[in-house]
Amino acid sequence: MLGAGSWGTTFGKILADGGAHVTIWARRPELANEIDEAKRNTQYLPGINLPRSIAATSDLRVALDGADQVYICVPSQSARDTLKEVRPLVAGSAAPIVSLMKGIERRTGLRMSQVLEQELHCDPDRIAVASGPNLALEIAREQPTAAVVASTSRETAHEVARRSSNKYFRTFVNTDVIGTEFGGVLKNLIALAIGIVDGVGYGENTKASIITRGLVEMTDFAVAQGAQPETLQGLAGLGDLIATCQSPLSRNNTAGRLLGQGYKYQDVVKQMQQTAEGLASVAPVLQLARAAHVEMPIVEQVKRVVDGTMDPRRIAPHLTTDDDTPKGERTQHGQAGGGGALWRTIQRAFDQLRNGGGSSSRD
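Residues numbered from 1 in each chain as written. Predicted model: local features only at pLDDT ≥ 70, side-chain atom pairs only at ≥ 80, totals over all residues. Heavy atoms only, no water.

Draft legend 1. Molecular detail of the overall build of the protein chain. Looking only at helices and strands, the protein chain features 16 helices and 7 strands. When each of the 363 residues of the protein chain is scored for burial, the buried share is 55%. A separation threshold of at least 6 residues defines the contact pool for the protein chain, and within that pool the share at least 24 residues apart is 71%. Of the roughly 15,600 Å² that the protein chain leaves accessible, carbon and sulfur atoms contribute 47%. (Helix = DSSP H or I, 4+ residues; strand = E, 2+ residues; numbered from the N terminus. Buried < 20%, exposed > 50% of the residue type's maximum accessible area, 1.4 Å probe, protein only. Contact = heavy atoms within 4.5 Å. Areas by Shrake-Rupley, 256 points an atom, 1.4 Å probe, with all protein chains shown as cover.)

This is the structure in structure tokens:
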């Protein structure tokens, strides 16, 4: 496990509780020592005892030596620097490479799996991505949840899913890497919007409207990039969206709330102890959206608040539409009306949690 923040450490615990022997790489030696010796990560997971089968090191070579699977959970904007160090250490390995990162590279607009493929020079079939409604501290407390693992190789997806399942964490699979990754990225932007209106003081009606219309924006964008619309109705889309928007544990929700309270972008970044990936993803997502002729009025308004060109108190009337012309409500990609589409989406998410398992052949 490369990365010892809250999510990297939590996913290491998931793997260890599923029977794996896990080595976590931390850039800071003092953090590696705490995890290795005390089985604690007090900065990122206060109050959590880690399994004894977890070790930690600040030496990449030691962390990767003999690894059957490699999980990467570092900040997306600095991922290339880490991956350049990783490349020679995995060059002779056939181990799956799993991205736990939920961001878009600002400079290139690339998804993290694409960055992995470029920097590690590996077959895309070796790469998998994991996403879902996964707030780290809740999972570290062993509260039941689910996720989805996607890879262009179903064999790789199944191999990773089998390893990353345990009594409190269920893992589904699919082959829609684009949709699974973009779901994890786009929900951060909608969570920023929810945080902004929460910080301003607007209530549940406003937030429900944003979540519902935000899912439409997410689906339109992802499908235009080659995703399957069903993926955005699953754990990596709707599931992650609900969890991230409603929880004070969400870093992006917290960042948005600070913006809504009047803090400037740089002040928000300084106050955040961990990376809020949505802040860095707003601009590249909008660039991709404009290139694909996809309208994203919610994300456009979020960018204006982030840039300081819109008062957060003026955002709510504009969040769910870009002009005053009446429009049909599309509740599914490319459809108006929908007649129960939202219920079917919610029912699908609950069905996944109730009936699926790590060996499921679909999300």
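Draft legend 2. View of the sheet that holds strand E5 (residues 127-131). Ordered in space as E3-E4-E5-E6-E7, the 5 strands form an open sheet in which the pairing is mixed. In this open sheet, the two edge strands, each paired with only one partner strand, are strand E3 (70-72) and strand E7 (169-174). When strand polarity is set aside, the average angle formed by the axes of neighbouring strands in this sheet is 25°. Each of E3, strand E4 (97-99), E5, strand E6 (145-150) and E7 is contacted by helix H7 (residues 154-163), which is oriented at about 180° to E7, the strand it contacts most. (Pairing = 2+ DSSP bridges. Axes fitted to C-alpha atoms, helices over the stretch in contact; angles between N-to-C directions.)

Draft legend 3. Examining helix H14 (residues 277-291) more closely. Between the first and last C-alpha of H14 there are 22 Å, a value that for 15 residues agrees with the 21 Å anticipated at 1.5 Å per step. Within the sequence span of H14, burial applies to Glu277, Gly278, Leu279, Ala280, Ser281, Val282, Pro284, Val285, Leu286 and Ala289. In this structure, the buried side of H14 is in contact with helix H8 (177-200), helix H9 (204-224), helix H12 (251-260), helix H13 (265-271) and helix H15 (297-307). Count one or two residues on from H14 and you reach histidine 293, which has phi positive near 60°. (Expected span 1.5 Å × (residues − 1).)

Draft legend 4. The arrangement of the packing of aromatic side chains in detail. Applying the stated rule across the entire model yields 4 aromatic pairs. Seen in terms of ring centroids, tryptophan 7 and phenylalanine 11 are 5.3 Å apart; in terms of plane orientation they differ by 85°. Their pairing is edge-to-face. One end of the pair is tryptophan 7 and the other is phenylalanine 11, both in helix H1 (residues 6-17) and 4 residues apart, which spans about a single turn. Taking 5.0 Å as the distance between ring centres and 85° as the angle between the ring planes, the aromatic pair formed by phenylalanine 182 and phenylalanine 221 counts as edge-to-face. Of this pair, phenylalanine 182 sits in helix H8 while phenylalanine 221 is found in helix H9, placing the two residues 39 residues apart along the sequence. Ring pairs connect the aromatic residues Trp7, Phe11, Tyr71 and Phe169, which therefore count as one cluster. (Phe/Tyr/Trp six-rings, centres within 6.5 Å; stacked < 30°, edge-to-face > 60°.)

Draft legend 5. Focus on the side chain of lysine 187. As for its placement among the helices and strands, lysine 187 is situated in helix H8. Since its relative accessible area comes to 7%, lysine 187 is described here as buried. In this structure, lysine 187 is in contact with Lys102, Met218, Asp240, Leu241 and Thr244, ignoring residues within four places of it in sequence.

Draft legend 6. Here's a closer look at the pattern of salt bridges. Scanning the model with the defined rule gives 16 salt bridges in all. When the shortest N-O distance is used, the salt bridge between glutamate 85 and arginine 27 registers 4.0 Å. Placement of the pair is glutamate 85 in helix H4 (residues 79-90) and arginine 27 in the loop between strand E1 (22-25) and helix H2 (29-38), with a sequence separation of 58 residues. Exposure remark for glutamate 85: the relative accessible area of 41% places this residue in the partly exposed category. When the shortest N-O distance is used, the salt bridge between glutamate 105 and arginine 80 registers 2.7 Å. Pair noted here: glutamate 105 is in the loop between E4 and helix H5 (112-120) and arginine 80 is in helix H4, with a separation of 25 residues, a long-range link. Look at arginine 80 and you get buried, because its relative accessible area is 11%. (Salt bridge = Lys/Arg side-chain N within 4 Å of Asp/Glu carboxyl O.)

Draft legend 7. Region of interest: unusual backbone geometry. Look at glutamate 142: it is not a glycine, yet its phi comes out positive at around 65°. If you trace the backbone, glutamate 142 turns up in the loop between helix H6 (136-140) and E6. If you check the backbone angles, histidine 293 has positive phi at about 60° while not being a glycine. Position of histidine 293 relative to the elements: it lies in the loop between H14 and H15.

Draft legend 8. The packing of H4 against H5, seen in detail. Put simply, H4 and H5 touch, their axes get as near as 9 Å, and they point 45° apart. It follows that H4 is oblique to H5 by the angle criterion. In this structure, H4 meets H5 at a crossing whose hand is right-handed. Where H4 approaches H5, its residues Ala79, Arg80, Leu83, Lys84, Val86, Arg87 and Val90 are matched on the opposing element by Met112, Val115, Leu116, Gln118, Glu119 and Leu120. A class-by-class count of the residues in the contact of H4 with H5 yields 8 nonpolar, 1 polar and 4 charged. (Parallel < 35°, antiparallel > 145°, perpendicular 65-115°, else oblique. Left-handed = near helix turned anticlockwise from the far one by under 90°. Nonpolar A, V, L, I, M, F, W, Y, C, P; charged D, E, K, R; others polar.)

Draft legend 9. Main features of the pairing of E7. Burial within E7 is extensive, with 5 of its 6 residues counted as buried. The parallel pair E6 and E7, bridged by H7, forms a crossover whose chirality is right-handed. (Right-handed = clockwise from strand over helix to strand, strands pointing away.)

Draft legend 10. Broad picture of the environment of threonine 9. Within the fold, threonine 9 resides in helix H1. Taking the C-alpha atoms as reference, threonine 9 lies 7.8 Å from asparagine 41; in sequence the two are 32 residues apart. Dropping the residues within four chain positions of it, threonine 9 is found in contact with Gly3, Ala4, Ile24, Ile35, Asn41, Leu45 and Leu50. A polar side-chain atom of threonine 9 sits 3.1 Å from the main-chain carbonyl oxygen of alanine 4. (Polar contact = N/O pair within 3.5 Å; in protein donor to acceptor, adjacent residues only side chain to side chain.)

Function-wise, these values are silent; they only describe arrangement.
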